Structures are given as C-alpha cells and as structure tokens.
Amino acid sequence: MLYQRAIRPALFRLGGDPEAAHERVLGWLARISRSEGLTRALALAFGHAAARGPEREVFGLRFPHPIGLAAGFDKNGVAVPALAALGFSFIEVGTVTRDPQPGNPRPRLFRLPEEGALINRMGFNNQGAAVVAARLARQRPVGIPIGISLGKSKRAPLEEAVADYLAALELLYTAGDYFAVNVSSPNTPDLRALQAHDRLDALVAALVARLRARAAAEGRAAPKPLLVKVAPDLDEPALDAVVAVCLARGASGLIAVNTTVSRAGLGAGVPPTLAAEAGGLSGRPLHAQALGVVRALSRRAGTRLPIIGCGGIATPDDARRMLDAGATLLQLYTGFIYEGPGIARRLATALSPAPPT
Ligand SMILES: Cc1cc2nc3c(=O)[nH]c(=O)nc-3n(C[C@H](O)[C@H](O)[C@H](O)COP(=O)(O)O)c2cc1C
C-alpha cells in the first residue's frame, strides 16, 4: 500500500522525533479543516461517503458505523473537520484539563514499528478547557458525534479532583455530544487512584449530577452521556468497582482501554532500553489484554453499559474480535499511525453487511 511503502517511511523520518511528525500531520489536518473545499476534497479522496454501516444508536447518539478516533490524537480539537472527512464515525477530542499545561518533558513519544506499537508519556499536554471550548464553538458542524475527554489538571491534588473535572466540564459542555472521564492515563501522577471505588463514586456522581442539571435547565429529554475510560491494568475487584459505580451513579457507558504500563505483550526483539521507557504502551501488543478487559466488563455489565472497545485495533479481524468480546463501538489511535488515513473507511467497509446481490 502507498501509505506503508512511501508515505509512512517519509513521515517517520520527519524531524527524527515521533512527536514532531505528529505535530506536522496535525498541522496539515488543521489547515485542511479551516477550508471547506479542502475538507470536501479529503472526504472525496478517502471515501467518506463509502464509510457507512453498520449504523447504530448508542447512548442516545447515532453513529454511521462503529469506528471512531480515540482520545489523544487531537488533544486541542484543531482538526475535527478533517478527521471527520477521513471517515471516522466519531471523534474524541482531548484529553482536555481545566488548566492549560505543557505535559512532560520531551522526548515523550516512542515508536516500536516491528510491534505496531507506541509508548507515550505525554502527560496531558493541552491548551486548557477554555481555549479548546472556544475553538470548538467556532468550528463548522461535522455531522458525527464529538466526544470530549476530561482529565485532571496536574496542579490539582486528588482532593480537588472533582472540582477540577467539573470546571472543565462546565467550560466544554456545549462543545461535546458525550464526555469521557479519563481516570486511566498512566502519565499523570496519582490519576489512576481515581478508579478506586470511593473516589470514582464521588467523581462520577458529581459529573452525572451536573449533566442532569444542565439537561433540566435546557429542557433536554436526556442528559449528555458520561463514559468512564478504564486502564487495562485493573484486576477483577477493581473492574467490579468501576461497573458498580457506573451503574449506581448513572454513567452511560465505558471505554476500555487506555494504554498499559505492562510490557508483557512485547516481543523479545524490542531493545530493553526502549521497552523500559516510562509511559503507556498502545497498539498491537495491547490488543489481547484489551479484549480481556472488554470481555470482563461486558460479563459484568451486560447491555446496561455499552462499551467502546479500544486497544490495538488495526485490521478488520481486530475490529470483529473486539465487537465479539462485547464492544458496541470501537476506537483506535495507534492503528491510524501505522495503517494510515484510510483505516476508518477500510474497517467500516469490512464490517458493513454485504450489499444484496
Ligand atoms: C500518543 C498518545 C497519546 C494519548 N493520549 C490520550 C489522552 O490524552 N487521553 C486518553 O484518554 N487516551 C490517550 N491515549 C490512549 C488512546 O486513546 C488509546 O486508549 C490507547 O492508545 C489504546 O488504543 P490504540 O492501541 O488503538 O492506540 C493516547 C495514546 C497515545 C498513543
């Protein structure tokens, strides 16, 4: 394929640093997004219209097919129209925090090409909720659901986490069709402690209450959905706790999974210094672990909490396995980097029922 043979090697050589290549590509997509004509041309080139079916309605939103873009690719919501033109059925912007923050020192993103994987320790670098909200308010409607991933500002201690998430939600409320509460990134100190029962209970209760209050004030029939994104490294009792909180407090669904701190899925050929880089591992080596978590959550929650399956999806077989494990929708990030801009259309087409002959 052209992307794998020519474009990807050129991109991977750009600037040497994987993050520089990411910024370059995102800059192109942002520029395209600002022009209606270029966005339409991109949609034509990548067959946006072809990226149809199997259409579904989940937590009150309509999705043209199951393949969405996961959080972290467009943290500041600069390229939503172009990403929609590439055929994703929904886009999760963020993670956005209340505070603008620079994230961890660079380098903080590493490629493991033989493994189809990445390690990152970005640390929620983003422009902050107010700037992202203003940008999204100016943006043309794209006709697909836009999720917004909310995270805790690094400066906020755990005791102030609820107020910090609420402040970000308040600023971003109008811009999002659903909200994901990110308590599972390994790159913000103590963040994953928010997955423990009591802390998660307080956080989800407060966010759902705010969404219900906003819905009542606006006369909306139903509040905007809140999803909880979990780490792949949770044990069974921790998964029990997440499901119990979500059901008790009225969360609408789950996103499984974020990146893993484990290196167990890596092949023996990976240089030990690379494998030892701090951060979260994503891509192919995460896939089996992600399937296990989706199965475990789906066993517990059944149809009461729809699951967005995420982790190492790059091929139609990966996508089918994730749906068979119990996911209703799918998201990917690392597969987009390795497989290129046609991945959403390719997977959506492979999943769509064959037309009648
Ligand atoms: C560079 C990078 C940055 C990410 N940033 C975020 C983030 O800000 N918020 C979040 O919820 N997940 C973030 N993720 C995790 C992805 O959304 C996804 O859960 C994970 O990578 C597994 O999916 P994948 O194997 O398809 O990449 C990030 C992943 C990568 C590779």
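The structure we're discussing is the one just above.
First, a word on what this report is: a plain description of the structure on this page. (Residues numbered from 1 in each chain as written. Predicted model: local features only at pLDDT ≥ 70, side-chain atom pairs only at ≥ 80, totals over all residues.)

1. What to know about the overall build of the chain
In plain terms, the rule: Per the convention used, a helix needs a DSSP run of H or I reaching at least four residues, while a strand needs a run of E reaching at least two, with both numbered from the N terminus. This radius of gyration counts C-alpha atoms alone. The globule rule is 2.2 Å times how many residues there are, raised to the power 0.38. Around each residue's C-beta, the other C-beta atoms within 10 Å are counted; 20 or more make the residue buried, 12 or fewer make it exposed, and counts in between make it partly exposed. All C-beta atoms are placed from the backbone.
Counting secondary structure elements, the chain contains 13 helices and 13 strands. The globule rule puts the C-alpha radius of gyration for 357 residues at 21 Å, and the 19 Å found for the chain is close to it. In the chain, buried positions account for 50% of the 357 residues.

2. A few points about the site of the ligand
Test applied: What makes a residue near a molecule or strand is its C-beta atom, placed from the backbone, lying within 6 Å of it. Gly is put with the polar residues, along with every residue not named as nonpolar or charged; the nonpolar set is Ala, Val, Leu, Ile, Met, Phe, Trp, Tyr, Cys and Pro, and the charged set is Asp, Glu, Lys and Arg.
The ligand sits among 27 residues. The nearest are Ala70, Gly72, Thr95, Ser282 and Thr334. Those elements giving two or more residues to the shell around the ligand turn out to be β4 (91–96), β6 (117–120), β11 (280–283) and α12 (334–339). Its residues placed into classes, the shell around the ligand shows 10 nonpolar, 15 polar and 2 charged.

3. With respect to the packing of helix α5 (residues 129–138) against helix α6 (residues 161–172)
We count it as follows: Throughout, an axis means a line fitted to C-alpha atoms (over the contacting stretch in the case of helices), and angles, computed between N-to-C directions, take values from 0 to 180 degrees. The scheme is simple: roughly parallel for angles under 35 degrees, roughly antiparallel for over 145, roughly perpendicular for 65 to 115, oblique for anything else. Handedness of each helix crossing follows the sense of rotation of the near helix against the far helix: counterclockwise by less than a right angle gives left-handed, clockwise gives right-handed. Distance between backbone-placed C-beta atoms decides contact: two residues are in contact if it is within 7 Å.
Remark: α5 packs on α6, axes separated minimally by 8 Å, with the N-to-C direction vectors making an angle of 20°. Looking at the two axes, α5 sits roughly parallel to α6. Classified by chirality, the crossing of α6 by α5 is right-handed. From α5, Ala129, Ala130, Val132 and Ala133 reach across to α6, where they touch Ala168, Leu171 and Leu172. Each residue belonging to the contact of α5 with α6 can be placed in one class, and the counts come to 7 nonpolar, no polar and no charged.

4. Structural notes on the packing of helix α8 (residues 236–249) against helix α10 (residues 287–301)
As a packed pair, α8 and α10 sit with axes 10 Å apart at the nearest point and diverge in direction by 50°. The angle between α8 and α10 places the two elements in the oblique class. Pair α8 / α10 crosses with right-handed handedness. Contacts between α8 and α10 involve Glu236, Leu239, Asp240 and Val243 from the former and Ala296, Leu297, Arg300 and Ala301 from the latter. Of the residues that constitute the contact of α8 with α10, the class distribution is 5 nonpolar, no polar and 3 charged.

5. Focus on unusual backbone geometry
Cis peptide bonds are those with omega within 30 degrees of zero, and the linkage from Gly94 to Thr95 qualifies with 10°. By secondary structure assignment, the location of Thr95 is in strand β4. The omega angle of the peptide bond from Arg106 to Pro107 is 0°, so this bond is cis rather than trans. With phi around 55°, Phe124 is a residue other than glycine that occupies positive phi space. As for its position among the elements, Phe124 is in the loop between β6 and α5. Classification of Phe124 by C-beta neighbours within 10 Å gives buried; the count is 25.

6. Examining the sheet that holds strand β5 (residues 109–112)
Across a sheet, strands are paired by hydrogen bonds formed along the backbone, either parallel or antiparallel in direction. Basically, it comes down to this: At least two bridges found by DSSP between two strands are what make those strands a pair.
The strand order across the open sheet built from 3 strands is β5-β6-β11, with neighbouring strands paired in antiparallel fashion. Each edge of the open sheet is held by one strand with a lone partner, namely β5 and β11. Ignoring strand direction, the axes of neighbouring strands in this sheet form an average angle of 20°.

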